[in-house]
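Below are the chains, spelled out letter by letter.
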Amino acid sequence: MKSSLQTSEGLLPERLARQGAGLTASERALAEALERDYPHALLESATSLAARTGTSASTVVRLFAKLGYGSYAEAQREARAEVTALLQTAGQRAPVTIGTRRSLQQCVDDALLHDQHNISATRDGLDMAAFEAIANRLAQEKGRVFVLAQINSAPVAAWLALHLNMCRPGVHELGAGAVAATDQLLWVQPDDVLLAFSIRRYASGPVKVAQRFREAGGQVLTLTDSASAPLALLAHERILVRTSNASPFDSYTAAFFLCNALVSAVAQLRHEVVSEALKRRDTLWKDVEDQQLIVGETPVRRPSRK
């Protein structure tokens, strides 16, 4: 999969390799320094980089323009993404992401850039065969679907479970407020499915739950940020998501994108059943709302909707 900020132009080393013959002597000296210490060399300002490599700030700006970057800041964003992809915790990523001087406007722009590229990279690297296998399995009505996530992934898992429940019966969330995952494991059947999220740092709990599902004959599906994640190695099918961010914390925008795509696919595969279910849901909501508008025996007038 491409880096979260990689474009069709490629990362800095690729661009330098293509442009090497057309560089001036001062640009070539700068390029050699960048190649030796990429991506860390780009974490400092253009002025500091120029001073350290014995060139000028104008040479730095000129080189990055020649390499196809819109600005030196754009190249820095790419470098931060490459560095933070290797760091496991928010504490380790903090000096790289918030140790630099950025305006609040830059914080907004950086977040947008990262999320746009997270979604693009996730889509470009999506294993469609795995996606289709997961969507088809979720669309089957046999067995139950258990959605499992921990801590930071929990909001995405809750959204997915909520909407899958509108598309098919037997969806259970193994998260906050739900029956403990350990107790749910008492009744796992071969037709059941575990859909688990695995985003660094990887916890041992979901791995043990997945092992129990496999032992019971159930199927394990996972949405993860790495093919080498412990849970990914146990999964029957897996799809990968990018989580790079301009802050110390992982971004879950692309994870929401994948879940949105999964719900859309399941709804499409079960379109007739889902259409009928949503009609019943509208009726249920209307009945509940009408009941809630009655206080004691005195009807409460419903506000008009204009």
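Residue positions are given per chain, counting from 1 as you read along its sequence in written order. Given that this is a predicted model, residues contribute local features only at a pLDDT of at least 70 and side-chain atom pairs are listed and counted only at 80 or more, while totals for whole chains, interfaces and linings are drawn from all residues. Computation of side-chain values: all heavy atoms of the structure, hydrogens and water removed.

In this section: the overall build of the protein. Scanning the protein from N- to C-terminus turns up 14 helices and seven strands. Buried residues are those whose accessible area, probed at 1.4 Å on protein chains only, stays under 20% of the maximum for their type, while exposed residues exceed 50% and partly exposed ones sit between those limits. For the protein, the residues scored as buried account for 42% of the 306 residues in total. Contacts are residue-level and defined by heavy atoms, with any inter-residue pair within 4.5 Å sufficient. Counted over contacts in the protein with a minimum sequence separation of 6, partners at least 24 positions apart contribute 71%. Computed with a 1.4 Å probe, the accessible areas rest on the Shrake-Rupley method; for each residue, only the protein chains presented here act as cover. As displayed, the protein offers around 16100 Å² of accessible surface, 54% of which is attributable to carbon and sulfur atoms. Starting at the N terminus, helices and strands are each numbered in turn, a helix being any DSSP run of H or I of at least four residues and a strand any DSSP run of E of at least two.

Take the environment of Leu262 next. You can see Leu262 is positioned in helix 13 (residues 253-269). Leu262 gets classed as buried once you look at its relative accessible area, which sits at 1%. Sequence-distant contacts of Leu262, that is, excluding residues within four places in its chain, are made with Phe131, Ile134, Ala135 and Ile239.

Quick look at the sheet that holds strand 1 (residues 145-148) now. Across a sheet, strands are paired by hydrogen bonds formed along the backbone, either parallel or antiparallel in direction. Taken in spatial order, the five strands line up as 2-1-3-4-5 in an open sheet, and their pairing is parallel. The open sheet has two edge strands with one neighbour each: strand 2 (171-174) and strand 5 (237-240). For this sheet, the mean angle separating the axes of adjacent strands, direction not counted, is 15 degrees. When DSSP finds at least two bridges between two strands, those strands are taken to pair. Across four bridges, the pairing between strand 1 and strand 2 is parallel. Residue pairing for strand 2: Val147 is matched across the bridge by Glu173. Axis geometry follows a simple rule: fit a line to the C-alpha atoms, using only the stretch in contact for helices, then measure angles between N-to-C directions, giving values from 0 to 180 degrees.

Pairing of aromatic rings covers Phe, Tyr and the six-membered ring of Trp, with a centre-to-centre limit of 6.5 Å; geometry is then stacked below 30 degrees between planes, edge-to-face above 60, and tilted otherwise. Inspection of every chain in the model, using the stated rule, returns four aromatic pairs. Their ring planes at 75 degrees and their centres at 5.2 Å tell us that Phe64 and Tyr72 sit as a pair that is edge-to-face. In this pair, the class of Phe64 matches that of Tyr72, namely buried. Each ring, one from Phe146 and one from Phe213, has its centre 5.6 Å from the other, and the planes form 70 degrees; the classification is edge-to-face.

Take the nonpolar core next. For this analysis, a nonpolar core means a set of buried residues of the types Ala, Val, Leu, Ile, Met, Phe, Trp, Tyr and Cys, connected via side-chain atoms within 4.5 Å. Core analysis: the biggest nonpolar cluster contains 35 residues, and Leu138, Phe197, Leu223 and Ile239 have the highest contact counts within it. Here this core gets eight residues from one element, more than from any other, and that element is helix 13. In contact with Leu138, other than residues within four places in its own chain, are Val145, Leu164, Arg168, Leu195, Leu221 and Val266.

Here the expected span of a helix is defined as 1.5 Å times the quantity of residues minus one. Given a rise of 1.5 Å per residue, 13 residues ought to cover 18 Å, and the 18 Å separating the end C-alpha atoms of helix 5 (residues 72-84) matches this to within 8%. Burial within helix 5 is extensive, with 10 of its 13 residues counted as buried. Those residues of helix 5 that fall on the buried side of the exposure criterion are Tyr72, Ala75, Gln76, Arg77, Glu78, Ala79, Arg80, Ala81, Val83 and Thr84.

As a further point, take the environment of Arg52. As for its position among the elements, Arg52 is in helix 3 (residues 46-53). Setting aside chain neighbours within four positions, we find Arg52 in contact with Asp37, Ala41 and Glu44. In protein, a polar contact requires one atom able to donate a hydrogen and another able to accept it; more generally it is a pair of N or O atoms within 3.5 Å, and residues adjacent in sequence count only if both atoms are side-chain atoms. Here Glu44 takes part through its side chain, which lies 2.7 Å from a polar atom of the side chain of Arg52.

Right, let's talk about the packing of helix 7 (residues 104-124) against helix 13 for a bit. Where helix 7 contacts helix 13, the two axes come as close as 8 Å, and the packing angle between them is 45 degrees. The angle between helix 7 and helix 13 falls in the class oblique. Between helix 7 and helix 13 the crossing geometry is right-handed. Residues Asp115, Asn118, Ile119, Thr122 and Arg123 of helix 7 form the contact with helix 13, whose own contacting residues are Thr253, Ala254, Phe257 and Leu258. Note on residue classes: Ala, Val, Leu, Ile, Met, Phe, Trp, Tyr, Cys and Pro are nonpolar, Asp, Glu, Lys and Arg are charged, and everything else, Gly too, is polar. Of the residues assigned to the contact of helix 7 with helix 13, the class counts are four nonpolar, three polar and two charged. When describing relative orientation, an angle under 35 degrees is termed roughly parallel and one over 145 degrees roughly antiparallel, while 65 to 115 degrees is termed roughly perpendicular and anything else oblique. Crossing chirality is assigned from the near helix's rotation relative to the far helix, an anticlockwise turn below a right angle marking it left-handed and a clockwise turn marking it right-handed.

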